[in-house]
Amino acid sequence: MFEVKPYPEFSWSLSRHKTMLTCLRKYAYDYYLSHNGWLSHADSLAKQTYRLKKITNLEMHFGSVVHDLIYQIIQNVLSDHDIPSEEAVVDEIRHHLNRGFIESTRKEHLWQHRPKHYTMLHEIYYSQTSTLPESKIKKIQERLSSAVKNFYASQSFADVLNKEHMKFIDSESFRFMKTDGVKIFVVMDLVYKDLQKDKWVIVDWKTGKSSDEDRNQLALYALYLKQKYDIPSIDDIVIRNEYLLEGNHIEYQLKEQDLINVQHLFQSSMEQMKAYLEDQKQNRPLPIEHFPMQEDPRICARCNYQELCFPSQTT
Ligand code: SF4
């Protein structure tokens, strides 16, 4: 039976760590105040926070639609079903983007009640208009055709097609490993073993720009894979970022030191997170005043929680 808990289970992910560093108030909203906000009898603040947490933006929405479709195409290949043409995939993505726009502009009432099932774009919600900035539309249109073309031409898709020589591991599912009793969430796009080269390959599809954090993220994936499949050496794991906008990929051969670094990061980050708990056993946070708002207005301008932090400016 589904149990309603007053506080969420304590867990760790790189995105949680990044949120804590960016804004502690956002961290509190994302990981504590929104908890249980999906329940019909939740209090109004939990509901509002959960709803706001679910807001996305055009770039993120685009990235998530592309990831979902790539996942489906790969499943088609692996189960010997037809592969859609590039044009069909472009049309499908466009359809999803249009639907997200329509839901944001005309179905806010549905999103208000079931925010997980409908799309609300930040650009629409906080501008209180029914139009998207021209520059953003242009940017996404350009990304759309290049991402699909580059996916079909990618090394990783060629490997998928060469499936007799690869052993695939179920990808895109929500996975975690446990360290010091804490769940660490790891989401990998595509994982397989290249039987000819005798190497494990972890692929990450990128629909945005590269960031300095990529290496930590990759090290976390490698750590997970090494533990899960008892892989003797990190040298047996290749990590590949497929940059779908640029049409190239970068492969990384991590070193043991990268794994040690990410473990240190995890440990110090967890210590910081625990300092914001009133009760560690229950994962009960300190009162909200202990989570200060950050002060850079450019970060707030992109944040989902403006409505909570600056109520007079957003109503
Ligand atoms: S609006 Fe600004 S201060 Fe408030 S949670 Fe977001 S980033 Fe933090």
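The following paragraphs examine the structure supplied in this document. (Residues numbered from 1 in each chain as written. Predicted model: local features only at pLDDT ≥ 70, side-chain atom pairs only at ≥ 80, totals over all residues.)

Brief notes about the overall build of the chain
Counting its regular elements, the chain contains 14 helices and ten strands. Along the three orthogonal principal directions, the C-alpha set of the chain runs to about 60 × 45 × 45 Å. Counting every position in the chain, which comprises 315 residues, the buried fraction comes to 28%. (Helix = DSSP H or I, 4+ residues; strand = E, 2+ residues; numbered from the N terminus. Buried ≥ 20, exposed ≤ 12 C-beta atoms within 10 Å, placed from the backbone.)

Overview of the sheet that holds strand β8 (residues 248-252)
An order of β2-β5-β6-β7-β8 is seen for the five strands of this open sheet, with the pairing classed as mixed. Strand pairing shows two members of the sheet lacking a second neighbour, β2 (166-169) and β8, which therefore form its edges. Taking the axes of each pair of neighbouring strands and ignoring which way they run, one obtains an average angle of 25° across the sheet. In this structure, strand β7 (residues 237-243) lies alongside β8, joined through five bridges in antiparallel fashion. (Pairing = 2+ DSSP bridges. Axes fitted to C-alpha atoms, helices over the stretch in contact; angles between N-to-C directions.)

Looking at the site of the ligand
Close to the ligand lie Cys23, Arg25, Lys26, Met293, Gln294, Ile299, Cys300, Cys303, Tyr305, Gln306 and Cys309. Of all the secondary structure elements, the ones that give two or more residues to the shell around the ligand are α2 (24-33), α12 (297-301) and α13 (306-309). Partitioned by chemical class, the residues of the shell around the ligand number seven nonpolar, two polar and two charged. (Near = placed C-beta within 6 Å. Nonpolar A, V, L, I, M, F, W, Y, C, P; charged D, E, K, R; others polar.)

Overview of the pairing of strand β5 (residues 190-194)
Counted residue by residue, β5 has four buried out of five residues, so it is predominantly covered. In this sheet, β5 lies alongside β2 in antiparallel orientation, the contact comprising four bridges. Its bridge partner lying in β5, lysine 167 is registered against lysine 193. Here β5 pairs with strand β6 (residues 199-206) via five bridges, running antiparallel. Paired with valine 191 across the two strands is isoleucine 202, which belongs to β6. Linkage of β5 to β6, two consecutive antiparallel strands, is achieved through a turn of four residues, within which aspartate 198 is found at a positive phi near 55°.

With respect to the pairing of strand β4 (residues 182-186)
Note: strand β1 (residues 11-12) against β4, two bridges, orientation parallel. Counted as the bridge partner of serine 11 is lysine 183 from β4. By the bridge criterion, five bridges tie strand β3 (residues 175-179) to β4 in an arrangement that is antiparallel. Bridge pairing in β4 places methionine 177 opposite isoleucine 184. Hairpin connection of β3 to β4: two residues between the antiparallel strands, including aspartate 180 at a positive phi of 50°.

Remarks on unusual backbone geometry
A positive phi is found at asparagine 36, a non-glycine position, where the angle reads about 70°. Its location among the elements puts asparagine 36 in the loop between α2 and α3 (44-53). Residue classification places asparagine 36 among the partly exposed positions, given that 18 C-beta atoms sit within 10 Å. In the Ramachandran plot, asparagine 283 falls in the positive-phi region, its phi being about 60° despite a non-glycine side chain. Within the secondary structure layout, asparagine 283 lies in the loop between β9 (277-279) and β10 (284-285). A count of 20 C-beta atoms within 10 Å places asparagine 283 in the buried class.

Here we look at the packing of helix α1 (residues 14-22) against α2
Describing two packed helices takes the angle between their axes plus the distance from one axis to the other. Axis separation between α1 and α2 bottoms out at 6 Å; the angle between their running directions is 140°. If you check the angle between α1 and α2, you find them oblique. Contact with α1, carried on its side by Arg16, Thr19, Met20 and Thr22, involves Leu24, Lys26, Tyr27, Asp30 and Tyr31 of α2 and no other residues of that element. When grouped by side-chain class, the residues that make up the contact of α1 with α2 number four nonpolar, two polar and three charged. (Parallel < 35°, antiparallel > 145°, perpendicular 65-115°, else oblique. Contact = placed C-beta atoms within 7 Å.)

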